[in-house]
Amino acid sequence: MTWLTPAIAGIAAAIAVPSLLLLYFLKLRRQDVEISSTLLWKKAVQDLQANAPFQRLRKNILLLLQLLALAAVLIALGQPQVEGERAATGRHAIVIDRGVSMRAVDGVDENGNAVSRLDEAKRRALELVETLREPGVFGMTEADQAMVVAFDGTAEMLQPFTTDKRLLREAIESIEPSDAPSRLDEPLRLVRAQAPLQAPPAEAEGEAAEPLPGSVGTIHVFSDGRSEGGEAVDLHAGDEVSFISLGQTETGNVGITALDARRQLRQPEDVSVIVGLQSTMREQASVAVELLIDGNSVAARRLALPPATIEQRTSDAGEAIELVTPTTSGVEFQVRRPGSAVIEARILDASTGEAPDAFDRDDRAWVVLPGAKRLRLALATYGSLVLSEALSSLPVERVEVFTPEAFESIDDPFSRFDVVVLDGWLPDAPEGSELGLPPGSWLVFDAVPSGPSSLIDRGEGPPSEIVDWRRDHPTLRGLALSAVRLSTSRVVETSEDGSATVIASAGVGPAIVGLSSARTRAVVVPWDIDESNWWLEPSFIVFLGQSVRHVTDGGPGDAQRASRPGVARGETLPEGVDTAQLVPPTGDRLTIAVDDSGQAIAGPLSEIGLYALSWEGPPGPSDTRDGSRSERRFAVNLASSQASDITPKRELVIRAERVGAAVDQDGRDRAPKPLWPWFIAAALAIMMLEWFVYNRKVQI
């Protein structure tokens, strides 16, 4: 037990206890009156016998009770406290993780009911609030202050510093879970911004006389440790971080980490759906993977995932830790779907048909598949037989060849064609074009688009060869270009703003470049294909096919790219659209402004599921029409191997230092707990008893 104000209690005891005893030493002085008999006044006679200035202190139950009551009050004045369940400083920042992994249900409450990690975090935070120090008696000590911050990918201040526990409890209870992954840097920076200012050091006077941020106090982080970014935060030397780790280490999870649907180039009605899975279970997991199209189940497959690999290691602090290496697997479905559809994949426990684990946010995923469609290509050339023959070999609907003059006479060419291939010629770009090309999907050969965000043409170059290329780029995936030789090269430079992406490099500089803006997408090969040996290589045909897919954003018949929760999404809408309406899975309706480049940017999108974007105006190539409105749907999936690994961590990395979980053997953090309210209550109870005894004694 410790005492906060023992001196005050000692002074009060030195005055109050002798005063009380002195009252019992005094005798009452009464007036003498003669009476005939004292037979019936025995008690009065005993009192008269003590009628003198002082008397011997006698045994008296009232004195004992009064001493006990006084002792309880004096002890309360000293503000005793014992070890409780929190850390002690005057200022506390309560930082609660509400990210997607905190939805895992792997705890139990006092009644034995299953609770999520976020529910447990809120309960522990409320306990912390209850143990915050109240204002001292007679204002001799200050009350603790606390603030509440909730975070996922971003941070939100729910309650600034206050001593009002009711406001703190309301802020904590208002926290709702999110589907976004967590980052620790945002809440820590937000907390640091609330630090009080302190005077600059004396040696800095005259140079930096402005006040500097001081220590913010104790930062209590309630999390399962599945957050990143803490190492980028610079805390004050006086800040103390207390990490309250949540979740069970043994909790495993099976989740969907990838979902993709692609139409076959030659048979677009045939769709290949690939579902990727991951397991962190400590035992073999048997799941059923179900495929649904527009809400109807069309196929299912059983799958057994081996146990995850558990490796025992010792941390830098000498503590035993486990490293979990997940196992991965996947299934592929072949379905026939000519029209557009929403494809959903979900996993269930193969034996029970229920959720396979304690974390359900990655048990479902969606993709939106446009209707089957073959590409239409236009080639504008002065007579390249190589390109004409190569494009004709692609599995497209048609390829039409034009002279540049005939192509320029076409009004709105992208209403007839999906991709335009330019050979040795460029159309006039509209005024202000950043990429030097009109809006659309382009493949450019033997020409250099010039614009503020495009390429700089340095003229014809010497013979060269491809020396490096991005093997992960969609246009060159799986290709080898080491055998490509250029008898005549082209020397180009990219702009400094970073809009151009170098896909392949020759000895003289960029050899293949990607250009992208809101309405324009292009792949540029600035040198003449006829002046190389590439057209003789099989990789050239594959490059053409993959480039056509790339500039049409995956191909008009492939599934749309799904977004991740916590990330904003931009959709390019047709010209003339000023506003759009977004309907998230919750059913709310949000109005979004469309900027000058035609981008409707929504987000960050914090919820998993299907979103619908609609507008008044014409539809795009993959959009649907509902009355006077056009609509585009897209999905937001967790679909991440990192997010599906929900194994809690027992330490955080902050500013290159590791902060361990502040827990004792019982799993609770310790802190002083005040006892003075109990002693005040005891004093009141004793005084009530003393009043009762006194009334019984005076009855004669």
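Residues numbered from 1 in each chain as written. Predicted model: local features only at pLDDT ≥ 70, side-chain atom pairs only at ≥ 80, totals over all residues. Heavy atoms only, no water.

Trainee: I would appreciate a short explanation of the overall build of the chain in the present structure.
Mentor: When you go through the chain residue by residue, the secondary structure sums to 11 helices and 43 strands. Split into buried and exposed, the 700 residues of the chain put 45% on the buried side. Partitioning the contacts of the chain with sequence separation of at least 6, the portion at a separation of at least 24 is 66%. Carbon and sulfur atoms form 52% of the exposed surface of the chain, whose accessible area is close to 35,200 Å². (Helix = DSSP H or I, 4+ residues; strand = E, 2+ residues; numbered from the N terminus. Buried < 20%, exposed > 50% of the residue type's maximum accessible area, 1.4 Å probe, protein only. Contact = heavy atoms within 4.5 Å. Areas by Shrake-Rupley, 256 points an atom, 1.4 Å probe, with all protein chains shown as cover.)

Trainee: I tried to follow the environment of Arg313 on my own but got confused; where do I start?
Mentor: The residue Arg313 is located in strand 18 (residues 309-314) in this model. Beyond its immediate stretch of four places on either side in the chain, Arg313 contacts Glu319, Ala320, Ile321 and Leu323.

Trainee: How should I be thinking about the nonpolar core in this particular structure?
Mentor: Generally speaking, soluble globular proteins have nonpolar side chains that are buried together. Core analysis: the largest hydrophobic core is formed by 35 residues, its most contacted members being Leu443, Phe445, Trp527, Trp534, Phe540, Phe543 and Leu544. No other element matches helix 9 (residues 538-551), which puts five residues into this core. Aside from chain neighbours lying at most four places away, what touches Phe543 is Phe445, Thr475, Leu476, Leu479, Ile512, Val523, Val525 and Trp534. Counting residues in each nonpolar core, the second largest holds 26 residues, with Leu291, Leu303, Leu305 and Ala341 among its members. (Core = buried A, V, L, I, M, F, W, Y, C linked by side-chain atoms within 4.5 Å.)

Trainee: I would appreciate a short explanation of a nonpolar patch on the surface in the present structure.
Mentor: Side chains of Val73, Ile680, Leu684 and Met687 sit close together on the surface and give an oily, nonpolar patch of about 330 Å² of accessible area. Locating Val73 in the fold gives a position in helix 3 (residues 61-77). On the accessibility criterion, Val73 (31% relative accessible area) is partly exposed. (Patch = residues over 30% accessible without salt bridge, like charges linked within 9 Å, V, L, I, M, F, W, Y side chains within 5 Å. Salt bridge = Lys/Arg side-chain N within 4 Å of Asp/Glu carboxyl O.)

Trainee: Please explain the sheet that holds strand 13 (residues 240-245) as it appears in this structure.
Mentor: Strand pairs in the sheet, formed through backbone hydrogen bonds, run parallel or antiparallel to each other. As summarised here, the arrangement of the five strands in space is 7-6-3-11-13, forming an open sheet in which the pairing is mixed. Strands with a single pairing partner mark the edges of an open sheet, and in this sheet they are strand 7 (155-162) and strand 13. Recorded for the sheet is a direction-independent mean angle of 15° between the axes of neighbouring strands. Bridge analysis of strand 11 (residues 218-223) against strand 13 gives six bridges, and the strand direction is parallel. Note that in strand 13 the partner of Ile219 across the bridge is Val241. (Pairing = 2+ DSSP bridges. Axes fitted to C-alpha atoms, helices over the stretch in contact; angles between N-to-C directions.)

Trainee: How should I be thinking about empty space enclosed by the protein in this particular structure?
Mentor: Empty space among the atoms becomes visible once a probe the size of a water molecule is rolled across them. Applying the stated criterion across every chain, the model contains five cavities of 30 Å³ or more. Taken as a whole, the second largest cavity holds about 110 Å³ of empty space. Every residue lining the second largest cavity is counted, 12 residues in all, and those nearest its centre are Ser340, Val368, Ser622, Thr624 and Arg633. Looking at which element gives the most residues to the lining of the second largest cavity, the answer is strand 40 (residues 629-636), with three residues. By residue class, the composition of the lining of the second largest cavity is four nonpolar, four polar and four charged. (1 Å grid on protein atoms, 1.4 Å probe; cavity = no way out; pocket = protein on both sides within 12 Å on 5 of 7 lines; lining within 4 Å. Points joined across faces, edges and corners; volume = space filled by probe spheres on them. Nonpolar A, V, L, I, M, F, W, Y, C, P; charged D, E, K, R; others polar.)

Trainee: Could you clarify how one ought to interpret the sheet that holds strand 24 (residues 398-402) in this entry?
Mentor: Pairing in this open sheet of nine strands is mixed, and the strands run 24-23-25-26-33-32-31-28-29 from one edge to the other. The sheet is open, and its two edges are formed by strand 24 and strand 29 (485-486), each paired on a single side. Both strand 32 (residues 509-516) and strand 33 (residues 520-525) contribute to a ladder of four bridges, which runs antiparallel. Paired with Gly514 across the bridge in strand 33 is Val523. Packing of helix 7 (residues 385-392) onto the sheet brings it into contact with strand 23 (376-380), strand 24, strand 25 (419-423) and strand 26 (440-445), and relative to strand 23 it is tilted by some 175°. Where helix 9 meets the sheet, it contacts strand 23, strand 25, strand 26, strand 32 and strand 33, and its direction lies at approximately 155° from that of strand 26.

Trainee: I tried to follow the packing of aromatic side chains on my own but got confused; where do I start?
Mentor: Two aromatic rings are characterised by how far apart their centres lie and by the angle between their planes. Taken as a whole, this structure holds nine aromatic pairs when the rule is applied. Each ring, one from Phe402 and one from Phe417, has its centre 5.8 Å from the other, and the planes form 80°; the classification is edge-to-face. Residue Phe402 is found in strand 24, and its partner Phe417 is found in the loop between helix 8 (404-408) and strand 25; the two are separated by 15 residues along the sequence. For Phe402, a relative accessible area of 14% puts it in the buried group. Overall, Phe417 belongs to the buried group, its relative accessible area being 1%. Note on Phe445 and Phe540: the rings are 6.5 Å apart at their centroids and 70° apart in plane angle, and the pair reads as edge-to-face. Of this pair, Phe445 sits in strand 26 while Phe540 sits in helix 9, placing them 95 residues apart in sequence. In this structure Phe540 comes out as buried when scored by relative accessible area, which is 1%. Members of the aromatic cluster, each reached through a chain of ring pairs, are Phe445, Trp527, Trp534, Phe540 and Phe543. Sitting over the ring of Phe161, Arg91 keeps its end group 3.9 Å from the ring centre. Of note, Arg301 hangs over the ring of Phe333, and the distance from its end group to the ring centre comes to 4.8 Å. (Phe/Tyr/Trp six-rings, centres within 6.5 Å; stacked < 30°, edge-to-face > 60°. Lys NZ or Arg CZ within 6 Å of the ring centre and 35° of its normal.)

Trainee: Just checking my understanding: could you explain the confidence of the model for the chain for this structure?
Mentor: Low pLDDT means the predicted coordinates in that region are not meant to be read closely. The share of residues in the chain with pLDDT of 70 or more is 87%, and the mean pLDDT across the chain is 83. Mean pLDDT values for the elements of the chain range from 61 in helix 2 (residues 42-48) up to 94 in helix 5 (residues 165-173). This stretch, residues 663-669, has a pLDDT under 50; its non-local contacts, to residues over four places away or in other chains, come to 15 contacts. (pLDDT = per-residue confidence, 0-100.)

Trainee: Can you help me understand the environment of Gln81 in this one?
Mentor: As for its position among the elements, Gln81 is in strand 2 (residues 80-84). Exposure remark for Gln81: the relative accessible area of 13% places this residue in the buried category. Placed 593 residues apart in sequence, Gln81 and Pro674 show a C-alpha to C-alpha distance of 4.2 Å.

Trainee: Explain the pattern of salt bridges to me, please; I cannot follow it from the model alone.
Mentor: Opposite charge on two side chains lets them pair, provided their charged atoms get close. In the structure shown here, the tally under the stated rule is 33 salt bridges. Among the salt bridges present, the one from Glu120 reaches Arg123, with a minimum N-O distance of 2.7 Å. Linking Glu120 with Arg123, this pair stays in helix 4 (residues 117-130), spanning three residues, or about one helical turn. Arg458 is paired through a salt bridge with Glu493; the nearest N and O atoms lie 3.2 Å apart. Note that Arg458 is positioned in strand 27 (residues 455-461) and Glu493 in strand 30 (residues 489-494), a separation of 35 residues in sequence. Accessibility expressed as a relative area gives 36% for Glu493, which makes it partly exposed.

Trainee: It is not clear to me how the packing of helix 7 against helix 9 should be interpreted in this structure. Could you clarify?
Mentor: In a pair of packed helices, the angle between the axes and the distance between the axes together describe the arrangement. Two elements in contact, helix 7 and helix 9, have axes separated by 10 Å at closest approach and are oriented at 65°. With respect to helix 9, the element helix 7 is oriented roughly perpendicular. As for how helix 7 packs across helix 9, the hand of that crossing is right-handed. Along its contact with helix 7, which presents Val386, Leu387, Ala390 and Leu391, the element helix 9 presents Phe540, Ile541 and Leu544. Of the residues contributing to the contact of helix 7 with helix 9, the split by class is seven nonpolar, no polar and no charged. (Parallel < 35°, antiparallel > 145°, perpendicular 65-115°, else oblique. Left-handed = near helix turned anticlockwise from the far one by under 90°.)

Trainee: Looking at this model, I keep getting lost on the side chain of Arg632. Mind explaining?
Mentor: Mapped onto the fold, Arg632 is located in strand 40. Residue class for Arg632 comes out buried when judged on its relative accessible area of 10%. A polar atom in the side chain of Arg632 sits 2.7 Å from the side chain of Glu571. Here the side chain of Arg632 touches Asp623 through a polar contact of 2.7 Å, side chain to side chain. (Polar contact = N/O pair within 3.5 Å; in protein donor to acceptor, adjacent residues only side chain to side chain.)

Trainee: Which parts of the structure should I look at to understand the pairing of strand 23?
Mentor: Regular strands place side chains that alternate from one sheet face to the opposite one. The buried fraction of strand 23 is high, at five of five residues. Of the two faces of strand 23, the one lined by Arg376, Ala378 and Ala380 and the one lined by Leu377 and Leu379 are each fully buried. Note that strand 23 and strand 24 share five bridges and pair parallel. Within strand 24, the residue paired with Ala380 across the bridge is Phe402. With four bridges connecting them, strand 23 and strand 25 associate as parallel partners.

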